Each structure stands twice: as structure tokens, then as C-alpha cells.
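Residue-level structure breakdown
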Amino acid sequence: MSDRFSFALNATDGKARTGVISTPRGEIRTPAFMPVGTAATVKAMLPENVRATGADILLGNTYHLMLRPTAERIDRLGGLHRFMNWERPILTDSGGFQVMSLAGLRKLTETGVTFKSHIDGSRHELTPERSMEIQRLLGSDIVMCFDECPALPADRARIAESMELSMRWAARSRDAFGDRPGHALFGIQQGGLETDLRAQSAAALTEIGFDGYAVGGLAVGEGQEAMFACLDHAPDTLPTDKPRYLMGVGKPDDIVGAVARGIDMMDCVLPSRSGRTGQVFTRHGVLNIKNARHQDDPRPLDDNCGCPACRGYSRAYLHHVFRSQEIISSMLLTWHNLRYYQDLMAGMRAAIAGGTFADWQADFHAARAQGDIEPL
């Protein structure tokens, strides 16, 4: 266990990388998928069960936690790790994306953003300095600098203006973060789908100097083809000796494509949200448990999966409890989806280490192309 934050790159295969991020609260094996614990909980899961799926790190949400129960209250109660009973690493986002997507009546200035809470309409201000303070109070291990994330599509002038503002905010975030041994600050690259703006952003961030670098401003409506075209070059502009984090991604084939392009960390609400809506990820693609074809099916969701949903319950039972709106449905399907995502990451780590990533990718796509098992 390290008392400092560090990153070791252990193997590469093409652009794909595998390594270990060391923190005082434990190691994070990369490529890593971070389940999202928006309000200090991964919905429908106990923290020890999230760990049992294979997760090394969780993501917490600055915007939601600052509004309720407040960062100050969490700090008084011993910090976010103790508050939510998760003693392993936590990354907190900066709040910038949620302000864009959720807050009402937001006003953007050079100083920061003022906005109305989506919960009760109360007014708040979020600046780089306030975002750093909130994340310090939460006690997260990896802190994200405060940025502005424009929704795509947007015109080039708007994207350039936003990126330049985010770079000024990155410098202020770095100053406000200060010296916090054992805690890391990540910069966030912006620039939309513009190759030159991405490179400009990367240069500005590298000059400021961060412990890791995120590719931000993707998965905001541009589509997979455009995202991959951006990832064909964006990660290459970032330092090779620091972790690279793609924010808010994504579907399994998004994740595999991102890793193939040099990404080390990802997060997404998809596996947990889908679990609650009856959408199930398996190696043969996505199935919908509410469909009538499952109602008499005694087989598991995936006979290769070791999660409790697959070990102890049939498709027929999972169909029944979903249709009956029983809470166990959300629990079992979320656990399964999170386990599927972590198995995906473990498979990629092993393939990259073994130099067989291209074969692994081909097998992954072939299995998904087969579709779900034939109905009985």
C-alpha cells in the first residue's frame, strides 16, 4: 500500500494499456471501470457487494452531494468514505457537467457558475475554488478540476471559447487544490471534436501539471463514430506516464473501443440504471428481462457469469420479480450488470498483458453479434 498517488504502466498492446494506480486507500487496476455512486450510494447495492463485483474504485458526485446532504455535513461525519462505508478509493467529479445538464437558470461568468438547485430552487455558486473545497471536505482520493462542458453539437467558436475558459479554470483548480499528499488532481481536456483544440487543451493542461488527465466533453450526444474519431487522436496528446480517464462512458462496445485507443479509466451510470429498468448486459449482447420470452425459461441470464443473479435464479424468476416491481429485481440485475462490466475489464487487462488484445476484441464482437440464446 502506497502512501502517495502513483501510476505504473505494466504492459501495452497496440494503443491499449494495462497498469496500476496506487493510492493510500488501495490499488486500482487499469483499465478500470468506476461504478457511479451519485448520492453516496451505488443504487440497489451494498458497498461490499460492489467490491465483490471486482470494482476497485467508485465515483461520487460533487453537485449532488453539495446540495444534499452538503459537503460540510459529510465532513463533520468523518468524510465520504466513512459516510458511505466504502474504504477504497473514490473519485469525485467537479460538478461542472451536472450544472450543465441539471441545474435551472444557470449563469456562466469568468468567476464560475451560479445556478438554481434542481431539488429546491435554492441558489448556489460553483467556482474552481469552491469545487476544490467541496471535494476536499468530501475527502475523495481523486479530485477533478472544475470545467465547463458544452453540449454537442456546438459551433467551433463556442467550443474554443469554452475550452479556453476551462483551461483558465484548470489553473485556478490546481492553485486551490494545493499540496495534498496521497490525493490526486486530474485535469480535463476539452475541445469538442476539433483536433487542434484538443491538442491545444492538452498542451495547456500538461504545462499546468496534473496527476492524471481526463478526456472530457464526449458522450454528450455526438454518437459513437464521432467519439471514436476523437479518441483516435485525443489520448495521444496526453502524457503517457499518467492515467487517462474518459468521462461518462459508456456501453460495453464504447468501453472496449476506448481502451483500444489508449484510455485507462471510465465511469457510467449505465450498468446500474439499466439494472433497474430490466436491461441486462451479457456476453451475447443486451436482453430485456421484461420480454415474455423469459417467463417460462429456467436458464440463467448467462451460464458463464458467477454473480448471484446467474448462480441462484432463473430468467423466469427474474422476469417475474421485475414485472412485479419487487426490490430484489433491481438488486440482482444491478449486481449482474456491474459484474459483467468488471469481468469485461478483467478480460481486457489479461489480454493486454498477454499481448492478445486484438484476438480478445474479435471474440468480444463475435459473441455479441450472435445475440441472446435461442428461446425455449
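Every chain is numbered on its own, with residues counted from 1 as its sequence reads. It should be noted that, the model being predicted, local features are given only for residues of pLDDT at least 70 and side-chain atom pairs only at 80 or more, the latter also being counted only at that level, while totals for whole chains, interfaces and linings use all residues. Side-chain figures throughout are based on the complete set of non-hydrogen atoms in the structure, without hydrogens or water.

Between the rings of Phe, Tyr and Trp (Trp by its six-membered ring), a pair exists once the centres lie within 6.5 Å; its type follows the angle of the planes, with under 30 degrees stacked, over 60 edge-to-face, and the other angles tilted. Under the counting rule described, the total for this entry stands at 11 aromatic pairs. Each ring, one from Phe5 and one from Phe186, has its centre 6.1 Å from the other, and the planes form 80°; the classification is edge-to-face. One end of the pair, Phe5, is in the segment before strand S1 (6-13); the other, Phe186, is in strand S11 (residues 184-189), and 181 residues separate them in sequence. Relative accessible area serves as the criterion here: at 0%, Phe186 is assigned to the buried category. With a centroid separation of 4.9 Å and an interplanar angle of 20°, the aromatic rings of Phe146 and Trp169 are classed as stacked. Residue Phe146 is located in the loop between strand S10 (142-144) and helix H7 (156-177), and its partner Trp169 is located in helix H7; the two are separated by 23 residues in the primary sequence. The pair Phe146 / Trp169 is uniform in exposure class, with both members buried. Connected via pairs of aromatic rings, a cluster forms that spans Phe33, Phe281, Tyr340 and Tyr341. Strands here mean DSSP runs of E at least two residues long; helices mean DSSP runs of H or I at least four residues long; both are numbered from the N terminus. Each residue's exposure class comes from its accessible area (1.4 Å probe, protein chains only) as a fraction of the maximum for that residue type: buried when under 20%, exposed when over 50%, partly exposed otherwise.

When DSSP locates at least two bridges between a pair of strands, those strands are taken to pair. What the 3 strands build is an open sheet, ordered S1-S2-S3; its pairing is antiparallel. With partners counted over all chains shown, the strands left at the sheet margins are S1 and strand S3 (26-30), one partner each. Geometrically, the sheet is characterised by an average inter-axis angle of 15° between neighbouring strands, direction not taken into account. Pairing geometry for strand S2 (residues 16-23) and S3, over 5 bridges, is antiparallel. Inter-axis angles, ranging from 0 to 180 degrees, are taken between N-to-C directions of lines fitted to C-alpha atoms, where helices are fitted over the stretch in contact.

Let's shift gears to helix H15 (residues 357-370). Turn by turn, an α-helix covers 3.6 residues, leaving residues three or four places apart pointing in a common direction. Here a helix's expected span is defined as the number of its residues, less one, multiplied by 1.5 Å. The end-to-end C-alpha distance of H15 is 20 Å, a good match for the 20 Å that 14 residues give at a rise of 1.5 Å each. For H15, the set of buried residues is Phe357, Trp360, Phe364 and Ala367. Taken end-on, H15 shows its buried residues confined to a sector of 90°, consistent with a single buried face. Facing away from the buried side of H15, by more than 90 degrees, are the exposed residues Ala358, Asp359, Ala369 and Gln370. Any two residues whose heavy atoms approach within 4.5 Å at even a single point are treated as in contact. Buried residues along H15 sit against S1, S2, helix H10 (252-260) and helix H14 (327-354). Remark: Gly371 follows H15 within two positions and exhibits a positive phi of approximately 80°. This arc is built from the directions going out from the helix axis to the C-beta atoms.

Interpretation note: all reported values are geometric properties and have no functional meaning in isolation.
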